[in-house]
Amino acid sequence: MNVSSHDNVSITLTSRDNFNAAVTKNLIVLALGLTINYINGILIHTFNKHQVFYVNPRYILFIHLVVNDMIQLTVSITLFIVSYIFHKINVPLCCLLIPLAAFTTENTPLNLALMAVECYIAVCLPLRHAVLCTVKKTYILIGFIWVAVSMSILPDLFVMLATEPREFFYSNIFCDRKILFRNPLTIKKTNVSYIVLLVIVWLTLLYTYFNILFVAKAADGDAKKARNTILLHGFQLLLCMLTYIYPPLKKALFEWFPKHYTNSRFVCYIIITILPRFVSPIVYGLRDQTFRRYLKQYFLCTLRFAPLMACVSARPPRLSSPLSEAEASECPVAEAPIPAI
């Protein structure tokens, strides 16, 4: 095992929360995760129920980002809770969780880059948008994202299978990527691939943003809205970059705040891992007029569902006579079906 892996393990072993602090932190993380996944679940339900969304490449890329965030958040919270309950788990289980977390983490920057390119084509090349941005091509690009990320992650898994002794796979470890894939060459390759990935995505965002900026100066509000969307994508990418500096940041926190290391590490975990998953619903769920209109219908339906059921249950059954005007005013009728989420 390399030195950095030994450092990570020693820091974790010497800094453990007491029972009350551990329960509190796990409940906070679980509550935040369930809330964010519930909101994302509503977005996915809205996407599946209306054709205007699943025939639009922009929304297809967005919902892929939402699903990706849900998987990443679920795996991350699972690892967080497991680290408190069991601390160490067997290597085969860790081999399932770590690659899935790595896949979804590296998917996000590429997905943001594709969404920025789609905005650029819609604003700067509107006449070619229908030809360049089709549903079929969008799904092909999503498949390309997963293939490209797998070419970065699967070699780590193959190197581990080829170089680690058999006893390693029957042992228990603290489930961390640098502890699972501990070969020095693998760690260097991972760092280089992160840098290349982020450089490509940043160049894409900068190119699309400045081109849209020039168009927005003499265009309507749609171009300005697209410019602001690119800025939000850049903010999301900055949050993604924080994930890559989290391991050295933990070591720095241990040196700076040895007495409050567990609390500072928890705050960093919330900011770096949990809160960025909440940005995607804001970008399209609240800012996008189409999504916002359908989401309002669902929330209004949910609010009206309780008094409607109470009124129906209180009213005696009548087969042929309609509601009176007074009864109708007391029993609001839902404008849209209640989503079964």
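Residues numbered from 1 in each chain as written. Predicted model: local features only at pLDDT ≥ 70, side-chain atom pairs only at ≥ 80, totals over all residues. Heavy atoms only, no water.

**So, the overall build of the chain**
Step number 1: When you go through the chain residue by residue, the secondary structure sums to 15 helices and two strands.
Step number 2: Per-residue burial over the chain gives 46% buried out of 341 residues.
Step number 3: For the chain, the share of sequence-separated contacts (at least 6 apart) that also reach a separation of at least 24 residues comes to 79%.
Step number 4: When the accessible area of the chain is evaluated, it comes to approximately 18400 Å², of which 69% is carbon and sulfur surface. (Helix = DSSP H or I, 4+ residues; strand = E, 2+ residues; numbered from the N terminus. Buried < 20%, exposed > 50% of the residue type's maximum accessible area, 1.4 Å probe, protein only. Contact = heavy atoms within 4.5 Å. Areas by Shrake-Rupley, 256 points an atom, 1.4 Å probe, with all protein chains shown as cover.)

**Some words on unusual backbone geometry**
Leave glycine aside and you will find that most residues have negative phi; peptide bonds, for their part, are mostly trans.
Step number 1: Although it is not a glycine, histidine 87 adopts a positive phi angle of roughly 65°.
Step number 2: Considering the arrangement of structural elements, one finds histidine 87 in the loop between α4 (57-85) and β1 (89-90).

**Notes on helix α5 (residues 91-124)**
Note on helix geometry: an α-helix contains 3.6 residues per turn, so any two residues three or four positions apart are oriented the same way.
Step number 1: The terminal C-alpha atoms of α5 lie 50 Å apart, and with 34 residues this matches the ideal 50 Å at 1.5 Å per residue to within 8%.
Step number 2: Maximal helix bending in α5 amounts to about 25°, located at threonine 108; proline proline 109 follows within four positions.
Step number 3: Along α5, 25 of the 34 residues are buried, which leaves the element largely enclosed by surrounding structure. (Expected span 1.5 Å × (residues − 1). Bend = angle between axes of the 7 residues up to and from the residue.)

**A look at the environment of valine 267**
Step number 1: Along the chain, the position of valine 267 falls in helix α12 (residues 261-274).
Step number 2: Owing to a relative accessible area of 43%, valine 267 belongs among the partly exposed residues under this scheme.

**Some words on the packing of helix α2 (residues 19-49) against α4**
Step number 1: At a minimum axis distance of 10 Å, the contact between α2 and α4 shows a crossing angle of 160°. The pairing of α2 with α4 is recorded here as roughly antiparallel in orientation. Between α2 and α4 lies a crossing of left-handed hand. (Axes fitted to C-alpha atoms, helices over the stretch in contact; angles between N-to-C directions. Parallel < 35°, antiparallel > 145°, perpendicular 65-115°, else oblique. Left-handed = near helix turned anticlockwise from the far one by under 90°.)

**Structural notes on the nonpolar core**
Step number 1: Within the largest apolar cluster, 35 residues are counted, with the highest numbers of intra-cluster contacts made by Phe47, Phe62, Val66 and Phe291.
Step number 2: Formed by 19 residues, the second largest nonpolar core is a distinct cluster that contains Ile98, Ala101, Met160 and Phe181. (Core = buried A, V, L, I, M, F, W, Y, C linked by side-chain atoms within 4.5 Å.)

**So, the state of the cysteines**
Step number 1: The final tally for this structure, using the stated rule, is one disulfide.
Step number 2: Covalent S-S linkage joins cysteine 94 and cysteine 175, the inter-sulfur distance amounting to 2.2 Å. The disulfide joining cysteine 94 to cysteine 175 has a torsion of about 100° about its S-S bond and is therefore right-handed. Of this pair, cysteine 94 sits in helix α5 while cysteine 175 sits in the loop between β2 (172-173) and α8 (177-180), and the two are 81 residues apart along the sequence. (Disulfide = S-S within 2.5 Å.)

**Notes on the environment of aspartate 156**
Step number 1: Mapping aspartate 156 onto the fold places it in helix α7 (residues 135-163).
Step number 2: Of the residues examined, aspartate 156 reaches a relative accessible area of 1% and is grouped as buried.
Step number 3: Once the C-alpha coordinates of aspartate 156 and threonine 186 are considered, the two residues, 30 residues apart in sequence, prove to be 6.0 Å apart.
Step number 4: For aspartate 156, the contacting residues outside a window of four places in its chain are Arg177, Phe181, Thr186, Lys189 and Thr190.
Step number 5: Only 2.7 Å separates the side chain of aspartate 156 from the side chain of lysine 189, close enough to count as a polar contact. (Polar contact = N/O pair within 3.5 Å; in protein donor to acceptor, adjacent residues only side chain to side chain.)

**So, the packing of aromatic side chains**
Step number 1: As enumerated under the stated definition, the model contains nine aromatic pairs in all.
Step number 2: Aromatic pair phenylalanine 80 and tyrosine 269: ring centres 4.7 Å apart, planes at 20°, arrangement stacked. Note that phenylalanine 80 is positioned in helix α4 and tyrosine 269 in helix α12, a separation of 189 residues in sequence.
Step number 3: Since its relative accessible area comes to 7%, tyrosine 269 is described here as buried.
Step number 4: For the ring pair phenylalanine 168 and phenylalanine 169, a centre distance of 5.6 Å and an interplane angle of 75° mean the geometry is edge-to-face. Residues phenylalanine 168 and phenylalanine 169 agree in their burial class; the two are buried.
Step number 5: Chaining the aromatic ring pairs together yields one cluster made of Phe80, Tyr84, Phe266 and Tyr269. (Phe/Tyr/Trp six-rings, centres within 6.5 Å; stacked < 30°, edge-to-face > 60°.)

**Observations concerning the pattern of salt bridges**
Oppositely charged side chains can pair when the atoms bearing their charge come close.
Step number 1: Taken as a whole, this structure holds six salt bridges when the rule is applied.
Step number 2: Across the pair aspartate 156 and lysine 189 runs a salt bridge, and its minimum N-O distance is 2.7 Å. With a gap of 33 residues between them, aspartate 156 in helix α7 and lysine 189 in helix α9 (residues 184-216) connect regions that are remote in the sequence.
Step number 3: Residue classification places lysine 189 among the partly exposed positions, given a relative accessible area of 29%.
Step number 4: Close ionic contact of glutamate 164 with arginine 182 constitutes a salt bridge, the shortest N to O distance being 2.7 Å. Of this pair, glutamate 164 sits in the loop between α7 and β2 while arginine 182 sits in the loop between α8 and α9; the two residues are 18 residues apart in sequence, bridging distant segments of the chain.
Step number 5: What makes arginine 182 buried here is its relative accessible area of 18%.
Step number 6: Taken together, the shared-partner salt bridges connect Glu106, Asp156, Arg177 and Lys189 into one network. (Salt bridge = Lys/Arg side-chain N within 4 Å of Asp/Glu carboxyl O.)

**A closer look at the confidence of the model for the chain**
Step number 1: Scored by pLDDT, the chain comes out at a mean of 76, with 73% of its residues at no less than 70.
Step number 2: Overall, residues 1-14 carries pLDDT values under 50, and its contacts beyond four positions in sequence, including any with other chains, amount to 20 contacts.
Step number 3: When the criterion is pLDDT under 50, residues 308-341 qualifies, and its contacts beyond four places in sequence or with other chains add up to 28 contacts. (pLDDT = per-residue confidence, 0-100.)

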